[in-house]
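Chain by chain, the residues:
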Amino acid sequence: MASLAIQRVKREFKEVVTSSEAENSQIKLEMVAENLKHLQGEIKGPPDTPFEGATFILDILIPDSYPFNPPKVKFATKIWHPNISSATGAICLDILKDQWAAAMTLRTVLLSIQALLASAEPDDPQDAVVAKQYKETPEIYHMTAKFWAEFFAGGNPSSYSADLRQKVKSLCDMGIQSLDAVRALSHYNWDATTAVESIFS
Amino acid sequence: MPVIWLYYTNKESGGRIPVMVEWDWNVFKLKQAITSQLGRVPNKLIFLGKEIDNKTKLRDLHMIEFSTLYCVLATNTMPRVNNTKLRVYGSLSPSLPSRGYDIQMPMSAGPLDPSGIHVELEGEYYVPMTSHWDKGSEGVFDFSFRRYVADSDTVSEVSEHIYEHLGEFSLHTSQISYETMKSKRRYFSVFCRDVCNTITRGKLLVRCWNCKSNHFTLSCDPSCWNDVTGDVITGSCVSCKCEGIRAEFYFNCINHPQQESIATPLKQVKMNERSVECIICAESPDRLMVFECTSLHATCLPCFTEYVRVNLVSRLFRYESSVGYSLGCPAGCPNSLITDAEHFRVVGDELYERLHKFAAEEFVLAEGGVLCPAVGCGEGVIPGTKDRLITCEACCHMFCRKCMDRAHFGVCERSLSVRGGVAGVNLKGSAIRSSWRFGGDGRDRSEESQDWKESSNIKSCPGCNAPVERDGGCSHITCSVGVCQLEWCWLCEKEWNLECREDHWFD
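The rules behind each value
- Residues numbered from 1 in each chain as written.
- Chains lettered and ligands numbered in written order.
- Predicted model: local features only at pLDDT ≥ 70, side-chain atom pairs only at ≥ 80, totals over all residues.
- Heavy atoms only, no water.
- UniProt positions renumbered as here; feature names shortened; annotations may be inferred.
- Contact = heavy atoms within 4.5 Å.
- Buried area = accessible area lost by both parts, 1.4 Å probe.
- Salt bridge = Lys/Arg side-chain N within 4 Å of Asp/Glu carboxyl O.
- Polar contact = N/O pair within 3.5 Å; in protein donor to acceptor, adjacent residues only side chain to side chain.
- Helix = DSSP H or I, 4+ residues; strand = E, 2+ residues; numbered from the N terminus.
- Nonpolar A, V, L, I, M, F, W, Y, C, P; charged D, E, K, R; others polar.
- Core = buried A, V, L, I, M, F, W, Y, C linked by side-chain atoms within 4.5 Å.
- Buried < 20%, exposed > 50% of the residue type's maximum accessible area, 1.4 Å probe, protein only.
- Domains from an automatic or database assignment.
- Pairing = 2+ DSSP bridges.
- Phe/Tyr/Trp six-rings, centres within 6.5 Å; stacked < 30°, edge-to-face > 60°.
- Lys NZ or Arg CZ within 6 Å of the ring centre and 35° of its normal.

Going by what an unreviewed UniProt entry lists, chain B is known as E3 ubiquitin-protein ligase parkin and is assigned to Oopsacas minuta. Quoted verbatim from the Catalytic activity (unreviewed entry) field of the UniProt record, the comment on chain B reads "[E2 ubiquitin-conjugating enzyme]-S-ubiquitinyl-L-cysteine + [acceptor protein]-L-lysine = [E2 ubiquitin-conjugating enzyme]-L-cysteine + [acceptor protein]-N(6)-ubiquitinyl-L-lysine." Taken from UniProt, the Pathway (unreviewed entry) comment for chain B reads in full: "Protein modification; protein ubiquitination."

An unreviewed UniProt entry lists chain A under the name Ubiquitin-conjugating enzyme E2 K-like, with Oopsacas minuta given as the organism.

Written as structure tokens, this is what we have:
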């Protein structure tokens, strides 16, 4: 790993740890491997969103050419959001692609991703299914996003969560993995019959 | 003792003599040595087109053995006062408040003509009788004055040692500039092409625009880049036959000043006088690369080098007709493209060559031209607008402009959105990613290109045929070739559309 990359990551590590956001436990950064190449970020779901109260883990890979090329960031925690792939956790965010600038830091990356959670851009979606739901049936999107946040990321439970959990459980009873169950149900707007059909077809 | 060359001239004659010097000498001491050697009094010593004062130490001129100095000899042995002013601080009498006075002294004459020195002080002025300048460079000197009172015709002669009154008599201004020069000397940055092949300290030199002689005195010092690059500064050529009045500035690398080498000035590399931090690594180096954006973002030179290298090998420079193929501020500011390509030499000869290759390709494509797709060729051709079949003038390969394939009859089914087609696989010396090193050696790479075709993470851009490597991410690809910039779908290999977005964005 290039010495500049190491130097930068060390400095940015410090920047995140000493930042006011880290103090309010909004963001967090940890090392996975000792070589600083593989990091794990953590962001809190922003208030007044379906993600409030949830904690999302981000998988961060630092390329050798950092900071001239952007870090590779994806969600390790499952999330239901139009700009994030519900399957792979890939993020659609311009600063992680062609709008990256060498002056940006891991702190700005974490904060930008947190901001993305607060304001989705369904016209530039990563996850077409979620985007469609976000646009056509916003209430179901909201409910689903909140359920995913609760189910996978320790978000606050909602009034309808018991009901949804019951649906997931009924699918699990058929021998379906809970993740597949949640995904299929979310995909088909919580219509259990269609979801089951899609899995077994 | 080291030896320097002294070119001397006056109205009648000129010549060159070697002078033995010590680097610790100041210019005054050098003048004494010249006087004893030539039997003539040097009037002015000229270094870099500028008269140097007596206090300057030879060491601070960064002279090395066999450096050259120019010397104008006085027409008579006793030079007259010239009006160089030095500010003297301290009071001339204990009863007067300590403040600054102008002391007029002939800088070049030194002790040879003490009558040139006089001090004016509230209606009284002092003219020195004798002086001892041996501590000259320290700014403390000892001389006695004859005191004149201006408002009466009576001249009372007071022979006194001023410096006894003062205790300390210092040449304030020259001392300060002397010290600051020592601690933080400003200098130009140049790229030394011939020898060092890196960014070095530059020496600004001046010569006559007419006869190219270094025997030239400036009417005023250059104070900005415009002065150096434009033809605005005048002066006079001291060479016997030449009547040149315009100065021509040029640069030399400080590491080998005697060698005739090309050292191109780098305008955007500046002294870091306010301890600005590099926006990439946060170090605060002596020199910075300053971008021309409104925020004046700056990076250190190692970060700049890496920034250029990474963006060059990924072909992420931008082509703008007014500037050419260039790179902007690393913070992404608008209107910050580097205008002088000399700055890009930091990446080394091989990559710099590649930069020119890319730039030429971008230019040809921007002008509506095409690049020959033949193996090992890549020649740019700018054909007439209607021609479909094109023959490359360099290799005689005939190809179809629409599909960039071998020439064929009939209507062409395939059409690239950018007509030129960066036929990356076949393109000589081109690389889209650093790991793909196309030799540029004319070697047949059809085997290599076969490997690429088989590799699932490499495809050709449907807009310009440039090979694209996908290393993770979604299927929405934006081509980085300057004139292309096509957004396309990795799966369909077609222009990005709504269906791709809704159906397989991240497959």
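Asker: Any details on the interface of chain A and chain B? Residues and values, ideally.
Answerer: Contact residues are listed per partner, giving 23 residues for chain A and 19 residues for chain B. Interface area, chain A with chain B, both sides summed: about 1,700 Å², of which 59% is carbon and sulfur. Here chain A and chain B share 0 salt bridges between them. Here chain A is connected to chain B by 5 residue pairs in polar contact (both at pLDDT 80 or more). The dominant element in the side of chain A that touches chain B, judged by the number of residues it contributes, is helix 1 (residues 3-18) of chain A, at 4 residues. Classifying every residue of the side of chain A that touches chain B gives 10 nonpolar, 6 polar and 7 charged.

Asker: Pulling in residues and values, what's your account of the nonpolar core?
Answerer: Counting residues in each nonpolar core, the largest one holds 52 residues, and the members touching the most others are Ile43, Phe56, Leu58, Ile60, Phe75, Ile91 and Ile113 of chain A. Lining this core are residues from two domains, each supplying at least three of them: domain 1 (3-118) and domain 2 (128-200) of chain A. Residues contacting Phe75 of chain A, with those up to four places away along its chain left out, are Ile43, Phe56, Ile57, Leu58, Ile84, Thr88, Gly89, Ile91, Ile113 and Leu117 of chain A. In this structure, Leu266, Cys329, Leu351 and Phe358 of chain B belong to the second largest nonpolar core, which totals 36 residues.

Asker: Let's hear about the pattern of salt bridges: which residues, and what values?
Answerer: Using the criterion set out here, one finds 15 salt bridges over all chains in the structure. One salt bridge in this structure joins Glu150 of chain A and Arg165 of chain A, with 3.0 Å as the shortest N-O distance. Taken together, the positions of Glu150 of chain A in helix 5 (residues 138-153) and Arg165 of chain A in helix 6 (residues 161-172) put the pair 15 residues apart, joining distant regions of the chain. On the basis of relative accessible area, Glu150 of chain A is assigned to the buried category, the value being 10%. The shortest N-O distance in the salt bridge between Arg309 of chain B and Glu306 of chain B comes to 3.0 Å. Residue Arg309 of chain B and its partner Glu306 of chain B are located together in helix 5 (residues 301-313), separated by 3 residues, close to a single helical turn. Here the salt bridges do not stand alone but share partners, grouping Lys28, Glu30 and Glu42 of chain A into one network.

Asker: Kindly report on the pairing of strand 3 (residues 55-61) of chain A, identifying the contributing residues and their values.
Answerer: Residues and elements named next belong to chain A. The alternating pattern of strand 3 places Phe56, Leu58 and Ile60 on a buried face and Thr55, Ile57, Asp59 and Leu61 on a face that is not buried. Across 7 bridges, the pairing between strand 2 (residues 38-44) and strand 3 is antiparallel. In the sheet register, Leu39 faces strand 3, and the bridge partner there is Ile60. Direction of pairing for strand 3 relative to strand 4 (residues 72-75): antiparallel, over a ladder of 4 bridges. From the neighbouring strand, Asp59 faces strand 4, where its bridge partner is Lys74.

Asker: Give me the UniProt feature "active site" (unreviewed entry) in chain B: which residues, what numbers.
Answerer: On the UniProt side, "active site" (unreviewed entry) is annotated at positions that read Cys474 of chain B here. As for its placement among the helices and strands, Cys474 of chain B is situated in the loop between strand 28 (467-469) and strand 29 (476-478).

Asker: Describe the packing of aromatic side chains, naming the residues involved and giving the relevant values.
Answerer: One pass over the structure, following the stated rule, counts 16 aromatic pairs over all chains. Look at Phe151 of chain A and Phe152 of chain A: their rings are 5.1 Å apart centre to centre, the planes differ by 80 degrees, and that puts the pair in the edge-to-face class. Ring centres of Phe291 of chain B and Tyr307 of chain B lie 6.4 Å apart, and the angle between their planes is 85 degrees; this geometry places the pair in the edge-to-face category. With Phe291 of chain B in the loop between strand 19 (287-290) and strand 20 (298-299) and Tyr307 of chain B in helix 5, this residue pair connects regions lying 16 residues apart in the sequence. The exposure class of Phe291 of chain B is buried, given its relative accessible area of 1%. Among the aromatic residues, those joined into a ring-pair cluster are Trp80, Phe147, Trp148, Phe151, Phe152 and Trp190 of chain A. Positioned above the aromatic ring of Tyr250 of chain B, the side-chain terminus of Arg207 of chain B is 3.9 Å from the ring centre. The ring of Trp209 of chain B is capped by Arg246 of chain B, whose NZ or CZ atom sits 4.3 Å from the centre of that ring.

Asker: Just give me the short version of the sheet that holds strand 20 of chain B, but keep the residues and values in it.
Answerer: All names here are of chain B. In spatial order, the strands read 18-19-20; together these 3 strands make up an open sheet with antiparallel pairing. The open sheet terminates on both sides in strands that have one partner only, identified here as strand 18 (269-271) and strand 20. In this structure, strand 18 lies alongside strand 19, joined through 3 bridges in antiparallel fashion. Its bridge partner being in strand 19, Met271 is matched across the sheet by Arg287.

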